[in-house]
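The lines below spell out each chain.
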Amino acid sequence: MVALPRLVVAAPASGHGKTTVSAGLMAALRRTGMVVSGHKIGPDYIDPGYHALATGRPGRNLDPHLVGEDLVAPLLLHGAAGADIAVVEGVMGLYDGMLGTDGFASTSHVASLLTAPVILVVDVSHASRSIAAIVHGMASYDRGTRIAGVILNKAGSQRHSDEVIAALEPTGIPVLGVLHRDDGISAPSRHLGLIPADERAEAAGQLDRLADRIAEHIDLAELVRIARTAPDVHGRSWEPGESVSRGTSVSHGEAGPVVAIAGGRAFTFRYTETEELLRAAGCRTVTFDPLRDEKLPDGTTGIYLGGGFPEVHAADLSANAPLRDHLRSAITAGVPTVAECAGLLYLCRDVDGAEMVGALDASARMTSRLTLGYRTAIATTDSLLATAGTRVTGHEFHRTVVEPGTAPGWLLNGRPDGVATATLHASYLHTHWAGHPQLAQRFAEAARVATPVPAPPPRPRLRAPDLHHHGDREATPGLVDLAVNVSTRPRPAWLDEALRASLEDLDRYPDPGAARSALADRHGRTIDEVLPTAGGAEAFTLIARARTWRAPVVVHPQFTEPEAALAAAGHDVRRVILRAGDGFVLDPRAVPDDADLVVVGNPTNPTSVLHPAGTLRALLRPGRVVVVDEAFMDAVAGEAESLVGERDSGLLVIRSLTKTWAIPGIRAGYVVGASDVIADLAAQQPPWSVSTPAAAAMIACASARATSEAETIAREVAADRAALVEALGDAGLTVSGAPAGPFVLVPVPTDTREQLRARGFAVRRGDTFPGLGEQWVRIAVRDRATTAALLDAWRSIR
């Protein structure tokens, strides 16, 4: 029997403020001089991070599914050793537990295992007297659960809270305090719940403010008195040294083998007891940060990659190439490695196109579907963590997809998941090793006999793609320009004449009305379905600002201004990365279902891929806007696969006159689409955005004569492109995919671009396009003489 004052903070449902109140109570009680131990019912990793910040002690989880009912109280005693009081935050609603089990692993279940009084937090923002009915129902539903007090959260006014308190009096359950509405103390959320405390620089300051409010409005003395009414806890404290045996190894000395544990902002999910078990088994755990550290800790013979948000930090994880190299070398050489969920993603080739470690021949991508729930897992074969037939319990919590390997880590409720070998175990399953200490034991034993792998020769960190880098930076004077996709053909005389004539009107403010009519006639649209813009780039800025996009997606590799504009407007952009192995062809199923804005190029810059119109139509759905960048469509014979003439409430097509007509200095483009969306874009457009010369160019280029001439140019481009592809092939170079635009994309040795510059030729670098790297260059299609000169220069550097 162990004396431990304790209480459980519960709520009628999720969203009532359990985490806010629990963390605030912990911080406020700590200020009084008490040693506070924070605990979380359920498998959640994020809430314990806030508990740790509030208490100054590790956050702990109490979950009977993960560890078994018999270990819940012992784990509480272990985590609360030396504490004056334990505050346990509940999960979901008070009686909500594992589905189909009559509330197993619910807050009320764990409260009964701990014989702890319950404090009910209730959001009263949308009711008054009805709150009393809710509390009464909660208290009477299960008489074995003792609700010892209520905290009212988000009260609108003093009159409001007085009404609720008066209604609660007949229940006999005391109100311990009232918190009024204050959005400033709610933690921001992300696709898997709250943002971890370790990722929020302002979290400590916000917690201080919350502790002030709790101390002011909550009766802390009465809370402590209630906690002290809890009876003594039956049983002994859990001890990690009793669950695993400590091995010895002469090669590692007394300190034991080094197990490198991923930490930092990208890897915040792991149970405290995992490290305690490894240390009890004789290992020396050393935390490393995959965002910052460029090599594994010295002497590493075991690697543990827990959960977190690698998809959020993918660009920075990818940029840390030195660490990725070391991890890949170590894992390939057989250093024992355990990877759970985020760790699994990190070991893949890529996450949504961002290059990862590459120890697994698999790719990870974000989806709109949340995979969440308790699991019972069975090992299919002997592996690093388990022998065949071993049964464990765990949970899944992710919005990504990775196809399982041929030797899966587990069968999760009969479904294969992850990868397992003698030295590697990677899976979506999160396990609590206190409930399955044999996993820690096997891992520690493998680390004990492994050999450290030195870091490979260092290479610099990769730079994130510069979204504002364009070909004009590379086409410096004196070089043959193959970096910019503007035609080098002479401008037609009729276009030059129109531009010169427009100068007569420079003494008046520009009016693009006539240009709007001409463009509408050109595409068979009404005037309110067309918006002239200062080039295609302005169109992307207008789109970014037009609406509050919830889940914008940009399909890459493609022109980078759409993403840059969305980011500048404050949107969190998700990428769908098309792959070279697939010819950079778009599969509509790769676009998340919840995307409300999708931007794709056709033909795409820089891949030159022309997506079928049917593929792009498949992206359309209610509540979504699909933007098709057809800046190079007039360079495609017959404008095949164009959607500019189609009417759909969610379709926008962007056109540019810059390339084919060689007028980048004029900034002439336009958007075609549904009138309501066009109106939203127009509302964001500054006055006189389209200049008088630009409007004149639009009128001229919308004429029947221009359309006919563009078709002739498109056929010439196709012939010149075929000659370029053939010449590159003769030189041993393979053009990517089936190019359809006035440029091609080619993989080359990484120093090729610099060597060609030294010989007088500028080609477009590929590493500023998301999804490409230094081995790619884009080459503009030019006449056969220029192609021949380029190939002569190319052969001179091989």
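Here the structure is a predicted model, which is why all the values come from computation and not from measurement.

K.L.:
Go over the side chain of Asn485, please, and point to the residues and values.
P.N.:
Inspection of the secondary structure puts Asn485 in the loop between β22 (480-482) and α15 (493-502). Apart from residues no more than four positions distant in its own chain, Asn485 is found in contact with Asn605, Phe632, Lys659, Pro742, Phe743, Arg778 and Ala780.

K.L.:
Lay out helix α6 (residues 130-141) in plain terms, naming residues and giving numbers.
P.N.:
The end-to-end C-alpha distance of α6 is 16 Å, a good match for the 16 Å that twelve residues give at a rise of 1.5 Å each. Within the sequence span of α6, burial applies to Ile131, Ala132, Val135, Met138 and Ala139. Around the axis of α6, the buried residues are gathered within 130° of arc, so they sit on the same side. Those residues of α6 that are exposed and aimed more than 90 degrees away from the buried face are Ala133 and Tyr141. Structurally, α6 contributes buried residues whose contacts are with β5 (118-123), β6 (147-155) and α7 (158-168).

K.L.:
Before we move on, could you go through the sheet that holds β6 and cite the residues and values that matter?
P.N.:
Spatial strand order, β3-β2-β4-β1-β5-β6-β7: seven strands in an open sheet with parallel pairing. The sheet terminates laterally at β3 (60-62) and β7 (175-180), the two strands that pair on one side only. The average undirected angle you get between the axes of adjacent strands in this sheet is 25°.

K.L.:
Summarise the nonpolar core; cite the residues concerned and give the values.
P.N.:
Ranked by internal contacts, the top residues of the largest apolar core, which has 106 residues, are Leu25, Leu114, Trp410 and Trp433. Counting residues per element, this core draws most heavily on helix α1 (residues 18-31), which supplies seven residues. Not counting the four nearest positions on each side in its chain, Trp433 is found in contact with Thr274, Leu277, Leu278, Tyr304, Val338, Glu340, Leu385, Leu439, Ala440 and Phe443. Val555, Val690, Met698 and Trp776 belong to the second-largest nonpolar core, a separate cluster that totals 51 residues.

K.L.:
Lay out empty space enclosed by the protein in plain terms, naming residues and giving numbers.
P.N.:
Evaluated as defined, the whole model comprises six cavities of 30 Å³ or more. Along its surface, the largest cavity is lined by 14 residues, and Arg522, Asp634, Leu657, Tyr670 and Cys701 are the ones closest to its centre. Those elements that provide at least two residues to the lining of the largest cavity are α16 (513-523), β28 (651-656) and α22 (704-730). Top contributing element to the lining of the largest cavity by residue count: α22, with three residues.

K.L.:
So what's going on with the pairing of strand β1 (residues 6-10)? Which residues, and what values?
P.N.:
When you tally the buried positions in β1, you get five out of five residues, the bulk of the element. Both faces of β1 are covered, namely the face carrying Arg6, Val8 and Ala10 and the face carrying Leu7 and Val9. As defined by bridge partners, β1 adjoins strand β4 (residues 85-89) across four bridges and the pair is classed as parallel. The residue bridging Val8 from the neighbouring strand is Val88, located in β4. Direction of pairing for β1 relative to β5: parallel, over a ladder of three bridges. By the bridge assignment for β5, Ala10 is matched with Leu120.

K.L.:
Lay out the environment of Ala695 in plain terms, naming residues and giving numbers.
P.N.:
Position of Ala695 relative to the elements: it lies in helix α21 (residues 692-701). Between the alpha carbons of Ala695 and Ala498 there is a distance of 9.8 Å; along the sequence they are 197 residues apart. When near neighbours in sequence (up to four residues on either side) are disregarded, Ala695 contacts Pro512, Ala515 and Val690.

K.L.:
Break down unusual backbone geometry for me, citing the residues and quoting the values.
P.N.:
With an omega of 0°, the peptide bond between His556 and Pro557 qualifies as cis. For Pro557, the position within the fold is in the loop between β24 (552-556) and α18 (561-568). If you check the backbone angles, Lys154 has positive phi at about 65° while not being a glycine. Tracing the backbone shows Lys154 in strand β6. Positive phi values are uncommon outside glycine, yet Ala662 reaches one of about 55°. Summarising the element assignment, Ala662 is placed in the loop between β28 and β29 (669-673).

K.L.:
How would you explain the packing of α22 against helix α24 (residues 784-796) if you had to name every residue and give the values?
P.N.:
Two quantities define a packed helix pair, namely the angle between the helix axes and the distance between the axes. Close contact between α22 and α24 brings their axes to 10 Å; oriented N to C, the two are set at 15°. Regarding the angle of α22 to α24, the classification is roughly parallel. Handedness of the crossing formed by α22 with α24: right-handed. Contacts from Ala719, Asp720, Ala723, Leu724, Ala727 and Leu728 in α22 reach Arg784, Thr787, Leu790, Leu791 and Trp794 in α24. Split by residue class, the contact of α22 with α24 holds eight nonpolar, one polar and two charged.

K.L.:
Can you break down helix α14 (residues 437-449) residue by residue, with the values?
P.N.:
Between its first and last C-alpha, α14 extends 19 Å over 13 residues, near the 18 Å set by a 1.5 Å rise per residue. Listing the buried residues of α14 in full gives Pro437, Leu439, Ala440, Gln441, Phe443, Ala444, Ala446, Ala447 and Arg448. Lining the buried residues of α14 we find β10 (258-262), α10 (272-280), β12 (300-305), β13 (337-340), β17 (391-402) and β18 (410-412).

K.L.:
Before we move on, could you go through the environment of Arg159 and cite the residues and values that matter?
P.N.:
Topologically, Arg159 is positioned in helix α7. Between the C-alpha atom of Arg159 and that of Ser128, which follows or precedes it by 31 residues, the distance is 9.9 Å.

K.L.:
Describe in detail the packing of α16 against α21, supporting the description with residues and values.
P.N.:
Put simply, α16 and α21 touch, their axes get as near as 8 Å, and they point 25° apart. Considered as vectors, α16 and α21 are oriented roughly parallel to each other. In this structure, α16 meets α21 at a crossing whose hand is left-handed. On the side of α16, the interface is formed by Ala514, Ala515, Ala518 and Leu519, while α21 contributes Ala695, Met698 and Ile699. The residue inventory of the contact of α16 with α21, partitioned by class, reads seven nonpolar, no polar and no charged.

Quick notes on the rules
- Counting of residues starts from 1 at the beginning of each chain's written sequence and follows it residue by residue.
- Per-residue local features are limited, in this predicted model, to residues with pLDDT of at least 70; the limit for side-chain atom pairs, both in listing and counting, is 80 or more; totals at the level of whole chains, interfaces and linings are taken over all residues.
- No hydrogens and no water enter the side-chain calculation; it runs on all heavy atoms of the structure.
- Helix and strand definitions follow DSSP, with helices as H or I runs of at least four residues and strands as E runs of at least two, each counted in order from the N terminus.
- Note on definitions: a residue-residue contact is assigned when non-hydrogen atoms from the two residues lie within 4.5 Å.
- Each residue after the first adds 1.5 Å to the expected span of a helix.
- Whether a residue is buried, partly exposed or exposed follows from its accessible area with a 1.4 Å probe, protein chains only, as a fraction of its type maximum: under 20%, in between, or over 50%, in that order.
- Taking the helix axis as origin, the arc is that swept by the directions to the C-beta atoms.
- Here, a strand pair is defined by DSSP locating no fewer than two bridges between the strands.
- Each axis is a line fitted through C-alpha atoms, taken for helices only over the stretch in contact, and angles between the N-to-C directions span 0 to 180 degrees.
- Throughout, nonpolar core names a set of buried Ala, Val, Leu, Ile, Met, Phe, Trp, Tyr and Cys residues whose side chains join them through atoms within 4.5 Å.
- Each cavity reported here is a set of points on a 1 Å grid over the protein atoms alone in which a 1.4 Å probe fits but cannot get out, each pocket an open set with protein on both sides within 12 Å along at least five of seven lines, and each lining residue one with an atom within 4 Å of a point.
- Grid points are joined across faces, edges and corners, and a volume is the space filled by probe spheres set on the points.
- Oblique is the label for every angle not falling under 35 degrees (roughly parallel), over 145 degrees (roughly antiparallel), or within 65 to 115 degrees (roughly perpendicular).
- With the far helix as reference, a near helix turned anticlockwise by less than a right angle produces a left-handed crossing, and one turned clockwise produces a right-handed crossing.
- The classification used treats Ala, Val, Leu, Ile, Met, Phe, Trp, Tyr, Cys and Pro as nonpolar, Asp, Glu, Lys and Arg as charged, and all other residues, Gly among them, as polar.

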